[in-house]
Amino acid sequence: MKMVTYPCLCLSLLFAISIFIQPSYAAAATTTIQPSNLVKKVCSQTSNYDFCVEALYADPRTPEADRYVLAYVIFGSAYQSATTTHDQITSLLKNATASQRPRLKRCDRDYTKAVSKLLEAHDDLDSETFESLAKLSRIASSAADDCETSFKGTRSPLTTNNKGLKGLCEICVVVSKLFVMF
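Source: prediction; values computed, not measured. (Residues numbered from 1 in each chain as written. Predicted model: local features only at pLDDT ≥ 70, side-chain atom pairs only at ≥ 80, totals over all residues. Heavy atoms only, no water.)

For the rest of this paragraph, the subject is the environment of leucine 178. Summarising the element assignment, leucine 178 is placed in helix α7 (residues 159–180). The exposure class of leucine 178 is buried, given its relative accessible area of 6%. Considering only alpha carbons, one finds leucine 178 and valine 42, 136 residues apart in sequence, at a separation of 8.7 Å. (Helix = DSSP H or I, 4+ residues; strand = E, 2+ residues; numbered from the N terminus. Buried < 20%, exposed > 50% of the residue type's maximum accessible area, 1.4 Å probe, protein only.)

Written out as structure tokens, the structure is:
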């Protein structure tokens, strides 16, 4: 009769436990976000509900957020996106081909404007001056459109970034409306 050694027994036990634990872990990882009523209200007014929920819930403050906190969340996210893209454009310009350079310079100007307008919106939030939030968001969104248009007829290295900023700015516009209704 063959004797089972202690290390083999431990390995077998560990394997058996991992089989039972893995499915419960997988289920937890795939659970969906249960948006708050405020997030549902905002995201139902956007063109991409799932993107909106994911964008807002990327910030840990969102589950308990009131309209003020939600505004800081989304305007901060849009500002971060615009800043990151602007930095990426600066990097792309260093190795740009002759045909890319004028397009990227246009995007550089566009994203400089987007960053500036989103910073202005943040300052307006700080001073509780809400009237211009939607307008500033639309200007930032238009900057992403203008950047994308500059690559018309050729592949843009910024398409994903431009779409992302447009989506975030759309959420900003909807959140802005939470302040002008009162």
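For residues with low pLDDT, the predicted coordinates do not support detailed interpretation. Of all residues in the protein, 82% have pLDDT values of 70 or greater, and the mean over the chain is 86. Contacts of residues 6–31 to residues separated by more than four positions or lying in other chains number 1 contact, the stretch itself having pLDDT below 50. (pLDDT = per-residue confidence, 0-100. Contact = heavy atoms within 4.5 Å.)

In most cases, non-glycine residues show a negative phi, while peptide bonds are predominantly trans. A positive phi angle, near 55°, is found at glutamate 128, a position not held by glycine. Relative to the helices and strands, glutamate 128 is located in the loop between α5 (100–126) and α6 (133–150). Glutamate 128 gets classed as exposed once you look at its relative accessible area, which sits at 53%.

Taken as a whole, this structure holds 2 disulfides when the rule is applied. One disulfide in the model links cysteine 43 with cysteine 52; its S-S distance is 2.1 Å. A torsion of -75° about the S-S bond marks the disulfide between cysteine 43 and cysteine 52 as left-handed. The exposure class of cysteine 43 is buried, given its relative accessible area of 0%. Each sulfur of the disulfide joining cysteine 107 and cysteine 147 lies 2.1 Å from the other. (Disulfide = S-S within 2.5 Å.)

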